[in-house]
Amino acid sequence: MDISDILNHLGEDRETYSNAVSPPIYQSSNFCFKDVATMREALIKEFDEPFYTRGYNPTVAILREKLAALEAAEDSLVFASGSAAVAAAIMSTVSQGDHVVSVARPYSWTDKLLNIYLQRFGVECTMIDGTELENFSRAIRENTKLIVLESPNSLTFELQDLEAVASLAKEKGITTLCDNSYATPLNQQPITMGIDLVVHSASKYIGGHSDLVAGVLCGSSEKIAAIMQSEYMTLGGIISPHEAWMMIRGLRTLQLRVEKSCSTTKEVVAFLEQQPRIEKMMFPFSDSHPQQELAKRQMKDCGGLFSILLRAEELEEVERFCNKLNKFLLACSWGGHESLIFPMCALRDSKNYQHGEIPWNLIRFYVGLEDPETLIADLRGAL
Ligand SMILES: *Cc1c(COP(=O)(O)O)cnc(C)c1O
């Protein structure tokens, strides 16, 4: 389907709401009925028609249709955060005594869910280096129910061969889940490569303005219906109608924003790669990336994230470099209009994020919508 049509029109039945160009925010928890017979009928389809907003809301329904189409999925669900979407997806596939294989260093709270939270329920997890297919084959057991992927990883940018992992998993009847936040559905569609479930932190590119926290889960009608009936309705981490509307507004410009962020990123990366103080560049489309060929094969374009190792003797030098940047705000998250840096050395005193093997001179960059010249001048000054 034409992407611009999805972003501008799909799911918007304007005649049903006074031909408003922008859809109304159905800020209502419940919907009423003229008689018992109509109410009884509505209860049969409570997830497909207005009844109660946790199950169905017309504003959210427009958003779900767009997101599913963008991911080439049959259906989607929208959650209060990316982490809620990840948790619902993972918990829908495992029971006590099951085993999960996950790529090493997934998003930090996905890691905690797999390696701490789910242990309480007797679910085991093996973390592997996902750059080699044979590591998956070796880690899979009789009781493996799920493979968790994040390609590329959003901190160190390793990739997995999605098609190859999906076909290995299919042979063994294992569900595959891919966190696609970095690439966005515009640059990578894991479902077309055989992946079963795709999640996004919509707090990043999909929302796109650093003003909301939300998550997306896409998959087959069958899988999404099952998750709707259990994790979505029972754990209840739903999106509010107002935030769904903000996401619809964010989607209008998704293509423009992602294209701009990606093209500026390439210019910024090209500049940094020439600088002697850059010890290492971590960026999937870079000539120095060991999986560049795979990146270009399975992704239409890069994303606006990359990391560097800054050549420095002391932690203070890294701090000084970060403090000197004016156009890159020091903040977590990414995917908004503003460029950002996240230095690993900022995690030093937090017990929630012990990254262990990640070097303290690693700085993660996000390139937003500023002009490349402005960002490069800022970097030149700080270097
Ligand atoms: C931010 C992020 C998440 C978590 O999303 P929230 O919306 O913050 O809950 C998950 N995966 C990746 C790759 C992320 O960047």
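Overview of the structure. (Residues numbered from 1 in each chain as written. Predicted model: local features only at pLDDT ≥ 70, side-chain atom pairs only at ≥ 80, totals over all residues. Heavy atoms only, no water.)

Regarding the overall build of the protein
Now for step 1: A tally of regular secondary structure across the protein gives 14 helices and 12 strands.
Now for step 2: Counting across all 383 residues of the protein, residues that qualify as buried make up 54%.
Now for step 3: In the protein, the proportion of contacts linking residues at least 24 apart, taken out of those at least 6 apart, comes to 71%.
Now for step 4: Here the protein contributes 35 positively and 51 negatively charged side chains, and the mean placements of these two sets differ by 3 Å. (Helix = DSSP H or I, 4+ residues; strand = E, 2+ residues; numbered from the N terminus. Buried < 20%, exposed > 50% of the residue type's maximum accessible area, 1.4 Å probe, protein only. Contact = heavy atoms within 4.5 Å. Lys, Arg positive; Asp, Glu negative; His and termini not counted. Charge placed at Lys NZ, Arg CZ, Asp CG, Glu CD.)

Side note on the site of the ligand
Now for step 1: Gly 82, Ser 83, Asp 179, Ser 203 and Lys 204 are the nearest of the 14 residues found near the ligand.
Now for step 2: At 2.6 Å from an oxygen atom of the ligand is found a side-chain nitrogen or oxygen belonging to Lys 204.
Now for step 3: Compared with its free state, where it exposes 390 Å², the ligand has 90% of that area covered by protein.
Now for step 4: If you map the ligand onto the pockets, it falls in the largest pocket.
Now for step 5: Looking at the shell around the ligand residue by residue, the class counts come to 4 nonpolar, 7 polar and 3 charged. (Near = heavy atom within 4 Å. Polar contact = N/O pair within 3.5 Å; in protein donor to acceptor, adjacent residues only side chain to side chain. Areas by Shrake-Rupley, 256 points an atom, 1.4 Å probe, with all protein chains shown as cover. 1 Å grid on protein atoms, 1.4 Å probe; cavity = no way out; pocket = protein on both sides within 12 Å on 5 of 7 lines; lining within 4 Å. Sits in = over half its atoms within 2 Å of the grid points. Nonpolar A, V, L, I, M, F, W, Y, C, P; charged D, E, K, R; others polar.)

Observations regarding the sheet that holds strand E6 (residues 197-201)
Now for step 1: Strand order in the open sheet formed by 7 strands is E1-E7-E6-E5-E4-E2-E3, and the pairing between neighbours is mixed. The sheet terminates laterally at strand E1 (75-79) and strand E3 (124-128), the two strands that pair on one side only. Within this sheet the neighbouring strands show an average axis-to-axis angle of 20°, counted without direction.
Now for step 2: Relative to E6, strand E5 (residues 175-179) is paired through 3 bridges, and the arrangement is parallel. Across the sheet, residue Cys 178 finds its bridge partner in E6, namely Val 198.
Now for step 3: Here helix H3 (residues 58-70) sits on the sheet and contacts E1 and strand E7 (215-219); the angle it forms with E1, its principal contact strand, is near 120°.
Now for step 4: The strands touched by helix H4 (residues 82-93) within the sheet are E1, strand E4 (144-150), E5, E6 and E7, with E6 carrying the most contacts at an inclination of about 160°. (Pairing = 2+ DSSP bridges. Axes fitted to C-alpha atoms, helices over the stretch in contact; angles between N-to-C directions.)

Topic: empty space enclosed by the protein
Now for step 1: Taken as a whole, this structure holds 2 cavities of 30 Å³ or more when the rule is applied.
Now for step 2: Around the largest cavity sit Thr 53, Arg 54, Gly 55, Tyr 56, Asn 57, Val 60, Ala 61, Arg 64, Leu 77, Tyr 232, Ile 238 and Ile 239, which together line it.
Now for step 3: At 3 residues, H3 tops the list of elements feeding residues into the lining of the largest cavity.
Now for step 4: Split by residue class, the lining of the largest cavity holds 7 nonpolar, 3 polar and 2 charged.
Now for step 5: Estimates place the volume of the second largest cavity at around 50 Å³.
Now for step 6: Every residue lining the second largest cavity is listed: Val 86, Pro 106, Tyr 107, Thr 110, Val 148, Leu 149, Glu 150, Leu 177, Asp 179 and Val 199. (Points joined across faces, edges and corners; volume = space filled by probe spheres on them.)

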